[in-house]
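# Architecture and fold: a report
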Amino acid sequence: MQKIVSKLVILSFPLFFSGCSQIQSLTSEAYKSGYAIGKEFGSYVNTDQIDTINSWLPDDSKIDLGTDFSAEKVNELCTSMFDVAGLLAGIKNTDQNRIEFADGCVTGFNDGKNA
């Protein structure tokens, strides 16, 4: 009996590691998807565009790039976008994927904004 159990453990070892790589792949896909969306969004938000938009707005409605697009607000936006974006990208809805998506989205936003 002990030989059978030890053989099963040895046979299941590769399955365990392949499962880990699949989980890592999903996490990486969530980050990449979030990064792409964040970078696209960030590319729309640059100083020239904000200045143009602000020229059309009344004084009490001006957009403040530092306040309205703070890291905290961008993170909240990215986290809320995960439900739809993750579904469309076929990413499993897990807490870890939501975190990875938001991290990628915030990084992408900052890269796109600074491009």
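Please refer to the structure placed before this passage.
Small disclaimer: the values here were computed from a predicted structure and weren't measured. (Residues numbered from 1 in each chain as written. Predicted model: local features only at pLDDT ≥ 70, side-chain atom pairs only at ≥ 80, totals over all residues. Heavy atoms only, no water.)

Attention now goes to the overall build of the protein. Within the protein, the regular secondary structure consists of five helices and zero strands. For the protein, the proportion of its 115 residues judged to be buried stands at 23%. A fraction of 66% describes how many contacts in the protein between residues 6 or more apart in sequence connect residues 24 or more apart. A total accessible area of about 8,000 Å² is found for the protein, and carbon and sulfur atoms account for 61% of it. (Helix = DSSP H or I, 4+ residues; strand = E, 2+ residues; numbered from the N terminus. Buried < 20%, exposed > 50% of the residue type's maximum accessible area, 1.4 Å probe, protein only. Contact = heavy atoms within 4.5 Å. Areas by Shrake-Rupley, 256 points an atom, 1.4 Å probe, with all protein chains shown as cover.)

It is worth spelling out the pattern of salt bridges at this point. Overall, the coordinates contain two salt bridges when judged by the stated rule. D83 is the salt-bridge partner of R98, the closest N and O atoms lying 2.7 Å from each other. Here D83 lies in helix α4 (residues 71–89) and R98 lies in helix α5 (residues 95–113), a separation of 15 residues in the sequence. (Salt bridge = Lys/Arg side-chain N within 4 Å of Asp/Glu carboxyl O.)

This paragraph deals with α5. Over its 19 residues, α5 runs 27 Å from end to end, which matches the ideal 27 Å to within 8%, given 1.5 Å per residue. Residues of α5 that are buried: N97, R98, E100, F101, A102, G104, C105, V106, G108, F109 and G112. (Expected span 1.5 Å × (residues − 1).)

Moving on to the environment of T79. Considering the arrangement of structural elements, one finds T79 in helix α4. Sequence spacing of T79 and A102 is 23 residues, and the spatial spacing of their C-alpha atoms is 5.2 Å. Sequence-distant contacts of T79, that is, excluding residues within four places in its chain, are made with R98 and A102.

Looking now at α4. At F82, α4 shows its largest kink, close to 50 degrees. By the burial criterion, the buried members of α4 are V74, C78, F82, A85 and G86. (Bend = angle between axes of the 7 residues up to and from the residue.)

We now examine the nonpolar core. Residues V45, I50, F69, V74, C78, A102, C105, V106 and F109 constitute the largest nonpolar core, which totals nine residues. Among the elements of the structure, α4 and α5 are those that each provide at least two residues to this core. It is α5 that contributes the most residues to this core, four residues altogether. Each residue touching V106, except ones within four places of it in the same chain, is listed here: V74, N75 and C78. Within the second largest apolar cluster, five residues are counted, among which are A30, A85, I91 and F101. (Core = buried A, V, L, I, M, F, W, Y, C linked by side-chain atoms within 4.5 Å.)

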